[in-house]
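Structure assessment
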Amino acid sequence: MNKTIILLALFLSIVLNVQNSFVVAESKVYIVYLGEKEHDNPESVTESHHQILWSLLGSKEAVLDSIVYSYRHGFSGFAAKLTESQAQQISELPEVVQVIPNTLYEMTTTRTWDYLGISPGNSDSLLQKANMGYQVIVGVLDTGVWPESEMFNDKGYGPIPSRWKGGCESGDLFNGSIHCNRKLIGAKYFVDANNAEFGVLNKTENPDYFSPRDINGHGTHVASTIGGSFLPNVSYLGLGRGTARGGAPGVHIAVYKVCWLQRGCSGADVLKAMDEAIHDGVDILSLSLQTSVPLYPETDSRELTSVGAFHAVAKGIPVVAAAGNAGPTAQTISNVAPWVLTVAATTQDRSFPTAITLGNNITILGQAIFAGPELGFVGLTYPELSGDCEKLSSNPNSAMQGKVVLCFTASRPSNAAITTVRNAGGLGVIIARNPTHLLTPTRNFPYVSVDFELGTDILYYIRSTRSPIVNIQASKTLFGQSVSTKVATFSSRGPNSVSPAILKPDIAAPGVNILAAISPNSSLNDGGFAMMSGTSMATPVVSGVVVLLKSLHPDWSPSAIKSAIVTTAWRSDPSGEPIFADGSSRKLADPFDYGGGLINPEKAVKPGLIYDMTTDDYVMYMCSVDYSDVSISRVLGKTTVCPNPKPSVLDLNLPSITIPNLRGEVTLTRTVTNVGPVNSVYKVVIDPPTGVNVAVTPTELVFDSTTTKRSFTVRVSTTHKVNTGYYFGSLTWTDNLHNVAIPVSVRTQILQRYYDEN
């Protein structure tokens, strides 16, 4: 009997140990990054990946069960399900640059293009000169596409470019041979890493399509903003009526679905999509995706979009990416690699004033997207015990029934207040908050935003009378010079938390209440269209402009295109008024809010001078931030040795100067290339930051048929005697026709922020 008990105990011990070993040895998705591919044959690249796994796992079956993706076109690497110890073993192999766990990314019109000056009616316009972007191919990494939208019709299109190697994959409610056309020329979806990480997507619990079809509309909105076809008489809830179109209505679009409803965007899926897009032959990549701080160094393969973007840019493909929606807090910006074009969001010259008339006949203008009908005078209340919008749900009040409710919030509000007041029988909500432009579209239920000052005026009225009443009218559309441009509150801000000497964002574009196509499944849908806000919406605006520039200047490098956009940007809005930045307090916008400024497409086509860069410049950047020779060599696929002494990050040939720790004096260098009239003379104009001396040598640049590049030095010194925050200025080269301006940002650090141990 005792022997039986002992054997049973031993058996249970073995079982428990095995179970514990499974818990400890849990497999997760890791990306094994190998740098530049060593074979041109994709099959050979994949075979080399299998061999690495085989040496670890010991069988072909185990390899096939482990591997998720083979990255074999733009660069070399693979995603695989590995235990932590297996990932560690692979990382020690000499051919491996880095092994890192999978990362999740977040997703971050009728008036926009007229506001930016891109009008189709003028034969000399950028839109006409660039032939609407025809023959350029843009790759969009997002939530997919709703192909039936009329914004993707291919009327007037010629043949698909012969260089195109991509295709259209079929899947749930998506037939690749039917739903693609001469405009929508590519559609693929990537979910394997997401499924490997979290289990196969349960479409009952998380509705989605295993296909390129877009369920929530984010990707459809982005793609149609870049290149949607002309559609007249489009509005949203009766507002913003006009002709809807993308920035480059003639572009060819390839969609790569990497983001999934409720699941987000797996970094391994994103990296595979970028690899495929490079192979397929896209000319531009547009990513309305973001990660959150803290960020990894942009040369670290854990910053997956930066790694994929590096290989794309090295092959001449500009990468446009969102700054993120974590503003207005400083140092929250994402996508900070110097080879990426990073986009902040502004408003445009359009607003939706909504009249709030109180019982004392005073009318206040709020902002809303309220289709009506007008309420007529009804009761108005303020819940004295729970007037915070975020607390309404915990204290539903019967006094709300049949009335409009006023509430206050100091945070970014959710839509919980709408739900609470509706469920309590209320007729509408007036929300008082910090100035912002995030509006929730509503039908038959007004949800109107006012600032704290106006909210307080309404509250004083409520408290001054026994039976306060209010009438809320349907929103109207107002556009033109009476509406100022502002950097949106939500737009992530600099300075760059990874490399403070690299200015981010690079540029700003309209990203508030952008009207574009949407999936009919979206709760925002109104006749196939919706207004959406975010740096996700600003990014495709810039991508559309990049398409047009690429069409006109196919030989320009990604850095040349970035330079043209940054140096010609508006630092006041198109009407000449200053651009402010919304936040906890409104202030004049600076380079950490909008980079070079608001994108000015017509000027960008003829910038005069450009600050150009090649892969070699980016290698020097990697050296300047102490990336190892071995890692740089693996990334490039060739032996690279950093110079000694190492280069200064301040000498990277960016269209900006950012000095985060000026002590005494520093000298840096820039080089410009003439892309304007052959015989040109440029003179320097300096607007120095407060308390900072800026001297440029030479002060005049002369170009002719034999001299197309000129270098100059910039000597910067401070008169400040204490540590300061950042001060801002500019450096402009002008020939009286072109004004090539770059932002200058300087922070004085008399006392070092870090001290050597010795």
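Rules used in this analysis
Residues numbered from 1 in each chain as written. Predicted model: local features only at pLDDT ≥ 70, side-chain atom pairs only at ≥ 80, totals over all residues. Heavy atoms only, no water. Disulfide = S-S within 2.5 Å. Buried < 20%, exposed > 50% of the residue type's maximum accessible area, 1.4 Å probe, protein only. Core = buried A, V, L, I, M, F, W, Y, C linked by side-chain atoms within 4.5 Å. Helix = DSSP H or I, 4+ residues; strand = E, 2+ residues; numbered from the N terminus. Contact = heavy atoms within 4.5 Å. Expected span 1.5 Å × (residues − 1). Polar contact = N/O pair within 3.5 Å; in protein donor to acceptor, adjacent residues only side chain to side chain. Pairing = 2+ DSSP bridges.

Enumeration over the complete set of coordinates arrives at 3 disulfides. Cys 259 shares a disulfide with Cys 265; S-S distance 2.0 Å. One disulfide, between Cys 259 and Cys 265, carries an S-S torsion of 105° and so falls in the right-handed class. Here Cys 259 and Cys 265 have matching classes, each one buried. Between the sulfur of Cys 623 and that of Cys 642 lies a disulfide, 2.0 Å long from S to S. Around the S-S axis, the bridge from Cys 623 to Cys 642 shows a dihedral of about -80° and counts as left-handed.

Moving on to the nonpolar core. Core analysis: the biggest nonpolar cluster contains 78 residues, and Ile 253, Val 542 and Ile 565 have the highest contact counts within it. The biggest single contributor to this core is helix H14 (residues 535–552), with 9 residues. The contacts of Ile 253, once residues within four sequence positions are left out, are Val 138, Val 140, Phe 152, Lys 183, Leu 184, Ile 185, Gly 186, Ala 223 and Gly 227. Membership of the second largest hydrophobic core comes to 58 residues, among which are Tyr 33, Cys 265, Ala 312 and Tyr 621.

With that settled, the discussion passes to helix H2 (residues 42–57). Taking 1.5 Å per residue, 16 residues should reach 22 Å; H2 reaches 22 Å between its end C-alpha atoms and fits that length. The elements touched by buried residues of H2 are strand S1 (28–35), helix H3 (60–66), strand S2 (67–71), strand S3 (76–82) and helix H4 (84–91). The N-cap residue of H2 is Asn 41: its side-chain oxygen and the backbone nitrogen of Glu 43 are 2.9 Å apart. Of the residues one or two after H2, Gly 58 is the one with positive phi, at around 90°.

So, on to the pairing of strand S10 (residues 252–257). Counting buried positions along S10 yields 6 of 6 residues, so the element is predominantly enclosed. Residue alternation in S10 divides its side chains into two sets, His 252, Ala 254 and Tyr 256 and Ile 253, Val 255 and Lys 257, and both sets are buried. Pairing between strand S6 (residues 137–142) and S10: 6 bridges, direction parallel. Bridge pairing links Asp 142 to Lys 257 in S10. For strand S7 (residues 184–189) and S10, the ladder comprises 5 bridges, and the chain directions are parallel. Following the sheet pairing, Leu 184 is matched in S10 by Ile 253.

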